[in-house]
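# A look at the structure
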Amino acid sequence: MDFALSEDQRILRDEITRFAENELNDDIAERDRGQTFSREQWDKCAEMGLAGLPVPEQYGGSGLDGLTTAIALEALGYGCRDGGLVFSLCAHLLACTVPIWKHGSDELKERYLPGLCAGTTIAVNAMTETTSGSDAFNMACRAVKDGNGYRINGTKIMSTNGPIADIVITYSQTDPEKGAYGGLTGFVLDAKTEGIRTDQKFEKMGLRTSMLGEVVFEDAYAPEEAMIGKVGGGTAIFTQSMEWERTLIAAAHLGTMRRLLEDCIAYARTRVSGEHTIGKHQAVSHKIVDMKIRLEAARNLTYCSAWNLDRSRTSAMASSMTKVFVSEALVQTALDAVQIHGGHGFLTETGVERILRDSIGGTLYSGTNEVQRNIVAGWLGL
Ligand SMILES: Cc1cc2nc3c(=O)[nH]c(=O)nc-3n(C[C@H](O)[C@H](O)[C@H](O)COP(=O)(O)OP(=O)(O)OC[C@H]3O[C@@H](n4cnc5c(N)ncnc54)[C@H](O)[C@@H]3O)c2cc1C
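Scope of this entry: the structure provided in the associated data block.

## Thoughts on empty space enclosed by the protein
Considering all chains together, one arrives at three cavities of 30 Å³ or more under this definition. There is about 210 Å³ of room inside the largest cavity. As for the largest cavity, its lining consists of 18 residues, and the residues nearest its centre are Gly83, Leu207, His253, Thr256 and Asp358. Here the lining of the largest cavity takes five residues from helix H7 (residues 234–270), the largest share from any one element. In terms of domain composition, the lining of the largest cavity takes at least three residues from each of domain 1 (7–122) and domain 3 (235–379). In this structure, the second largest cavity occupies an estimated 60 Å³ of space. Around the second largest cavity, the lining residues are Arg246, Ile249, Ala250, His253, Thr322, Lys323, Val326, Ser327, Gly362, Tyr365 and Ser366.

Here is the structure:
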């Protein structure tokens, strides 16, 4: 594996970084306080091609491989200080667009992918329920055969982009006796379908510019054509989408960690305490060195996992290891960044505390880190 960036990858990285730094960083503290999603900035990201990075060009995407997609998202995470916007975009692309691209019928791909890649259609992945989060496949939501389609009933919670979504990707029990192995099916439906409600909005500690809500199905009708893949094939489709999400959200985290590292170096070189700049205190410099080591290790793991996405039938172990390591590295780096900034790090105006709040979500969404460790343990035969 050679992860030296090609000329094209370098140009792409620099263009996205410049774009994000110039266009995406206004009023973040205000939007964070008000829990406001910026449609304007979403549209700008889409115009940059960020909503369809790996999707084939024939459907409006950029046709990038997994590694180049990671490099692009790392640049976005580096240049954009709005963690909620980056997360919303990643959820849309990885948990929603990827399963349609990988498993949808030609008709579904033609109907949905151009709008998803252009960002004119926003998608939500509705999986989690009140009684099934980590135990995701043990869901209560049912899709019962009705004529040529299905009637869906159930309530999905904590769904990213739910309150602003135009389409819903969801998974239901079509054969409860079979459960996870053959009993779950994926569907894609317009959010305005009769019997679907997406109006609930949850308040949360971080990622506050990303909207999180409920998706309620009350006898919502899904025609057979709305099925993603085959009946009973939902578990494999959802699992693959999570492998993409675990790997490539980590890529965006790399960018955030690099920015924190650079901000801390700059602060430690200029902030004076006593006769020295604080960077001369070993207690501070060692924290910064650890940030650097974590970033380099995280990047290797993430690039390896991203490279694997296009090459292997399963990226389960690599994506779970990446997700655990990088999300925890980000939390530790954000904690250290607050400490290095002293009391100023605790103030909203420096923006460091917001990154710490945002970082916690990474240990929970796409499956908690405990569940990721279970997956790796399984691959190790434990
Ligand atoms: C910011 C954010 C965005 C999200 N976006 C989405 C989304 O777009 N779509 C969606 O469907 N869901 C989404 N979720 C929900 C997320 O996937 C779930 O919160 C997560 O899977 C955990 O489920 P739970 O909250 O029910 O916790 P639980 O499953 O109740 O877990 C509680 C605790 O027990 C531990 N635990 C549970 N089972 C095990 C086990 N077998 N072994 C070891 N430990 C275990 C967990 O690790 C956790 O610490 C989002 C969550 C967050 C925080």
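## Quick word on the nonpolar core
Counting residues in hydrophobic clusters, the biggest one holds 80 residues, and the most contacted among them are Leu76, Ile100, Ile169 and Phe217. If one sorts the elements of this core by residue count, helix H5 (residues 83–103) sits on top with twelve residues. Setting aside residues no more than four positions away along its own chain, Ile100 makes contact with Leu108, Lys109, Tyr112, Leu113, Leu116, Ile167, Ile169, Val188 and Ile228. Core analysis: the next-biggest nonpolar cluster, separate from the first, contains 29 residues, Leu261, Met291, Val352 and Ile355 among them.

Cut-off values and rules
- Counting from 1, residues in each chain are numbered in the order their sequence is written.
- Where totals are concerned, whole chains, interfaces and linings use all residues; where local detail is concerned, this predicted model gives features only for residues with pLDDT of at least 70, and gives and counts side-chain atom pairs only at 80 or more.
- Processing note: side-chain calculations cover all non-hydrogen atoms of the structure and skip hydrogens and water entirely.
- Definitions used throughout: a 1 Å grid over protein atoms alone; a cavity as a set of points that fits a 1.4 Å probe which cannot get out; a pocket as an open set with protein on both sides within 12 Å along at least five of seven lines; a lining residue as one with an atom within 4 Å of a point.
- Grid points are joined across faces, edges and corners, and a volume is the space filled by probe spheres set on the points.
- Helix and strand assignments follow DSSP, with helices taken as H or I runs no shorter than four residues and strands as E runs no shorter than two, numbered in order from the N terminus.
- Boundaries between domains were set according to an automatic or database domain assignment.
- Put simply, a nonpolar core is a bunch of buried Ala, Val, Leu, Ile, Met, Phe, Trp, Tyr and Cys residues held in one set by side-chain atoms that sit within 4.5 Å of each other.
- The buried label applies to any residue whose accessible area, calculated with a 1.4 Å probe on protein chains only, is under 20% of its type's maximum; exposed applies above 50%, and partly exposed to all values in between.
- By definition, residues are in contact when any of their heavy atoms lie within 4.5 Å.

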